[in-house]
Amino acid sequence: LSEKIRRARETVVEIGKFKFTIRRPTEVEMIDFSRDPRPRDLLRHVIGWEGVSEIDLVPGGDPHPLAFDAEALIEWITDNAEMFGRLVDAIVDLFHKHSQSLDDTEKK
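None of these values were measured; they are calculated from a predicted model.

Thresholds, definitions, all that
Residues numbered from 1 in each chain as written. Predicted model: local features only at pLDDT ≥ 70, side-chain atom pairs only at ≥ 80, totals over all residues. Heavy atoms only, no water. Helix = DSSP H or I, 4+ residues; strand = E, 2+ residues; numbered from the N terminus. Buried < 20%, exposed > 50% of the residue type's maximum accessible area, 1.4 Å probe, protein only. Contact = heavy atoms within 4.5 Å. Areas by Shrake-Rupley, 256 points an atom, 1.4 Å probe, with all protein chains shown as cover. Core = buried A, V, L, I, M, F, W, Y, C linked by side-chain atoms within 4.5 Å. Pairing = 2+ DSSP bridges. Axes fitted to C-alpha atoms, helices over the stretch in contact; angles between N-to-C directions.

**Student:** Would you mind showing me how to read the overall build of the protein here?
**Tutor:** In terms of regular secondary structure, the protein is built from five helices and three strands. Its helices and strands taken in sequence order, the protein reads α-β-β-α-β-α-α-α from the N to the C terminus. In terms of principal-axis extent, the alpha carbons of the protein reach across some 55 × 30 × 25 Å. Looking at the protein residue by residue over its 108 residues, the buried ones come to 31%. Put simply, 54% of the contacts in the protein that link residues at least 6 apart link residues at least 24 apart. About 7,200 Å² of surface is accessible on the protein, with carbon and sulfur atoms providing 50% of the total.

**Student:** Got a minute to help me understand the nonpolar core in this structure?
**Tutor:** One recurring pattern in soluble globular proteins: nonpolar side chains tend to sit buried together. Core analysis: the biggest nonpolar cluster contains 24 residues, and Phe20, Ile22, Val46, Leu73, Trp76, Ile77 and Leu87 have the highest contact counts within it. For this core, the elements supplying multiple residues, two or more each, are strand E1 (10-15), strand E2 (18-23), helix H2 (27-35), strand E3 (46-50), helix H4 (70-77) and helix H5 (81-107). The leading source of residues in this core is H5, at nine residues. If sequence neighbours within four positions are ignored, Ile22 has contacts with Arg9, Glu10, Thr11, Val13, His45, Val46, Leu87, Ala90, Ile91 and Leu94.

**Student:** Can you walk me through the sheet that holds E2 in this structure?
**Tutor:** Pairing between sheet strands relies on hydrogen bonds along the backbone, with the strands arranged either parallel or antiparallel. Taken in spatial order, the three strands make up an open sheet running E1-E2-E3, and their pairing is antiparallel. Since the sheet does not close on itself, it has two edges, and those belong to E1 and E3, each with one partner. The sheet shows a mean angle of 25 degrees between the axes of neighbouring strands, direction not considered. By the bridge criterion, six bridges tie E1 to E2 in an arrangement that is antiparallel. When the bridges of E2 are listed, Val13 appears paired with Phe20.

**Student:** Sorry, what's going on with the side chain of Ser53 here?
**Tutor:** Note that Ser53 resides in the loop between E3 and helix H3 (54-57). Dropping the residues within four chain positions of it, Ser53 is found in contact with Asp62, Pro63, His64, Pro65 and Leu66.

What follows is the structure, encoded as structure tokens:
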């Protein structure tokens, strides 16, 4: 059941040629984030990718698709400010959409 709950918070976001599976932070996780806002910490909500190969991460690397690697994601994305910003924004936006949906439901 807990896995179903987590999967219900997942979505895929496209950034350029890449697709990232992100999991919406819970309300408590966002409270924690608001008290100690470190955008890099939001990368733990990235749980998968598509279209990423070693050559995207390392010059001269293998052109075949890579299995998701959270540690490699952090090394790669934190050295690419534009992509990092877009990915973090997508995570925050997903949370805000959820919050807005809850607000709209409560108003009915």
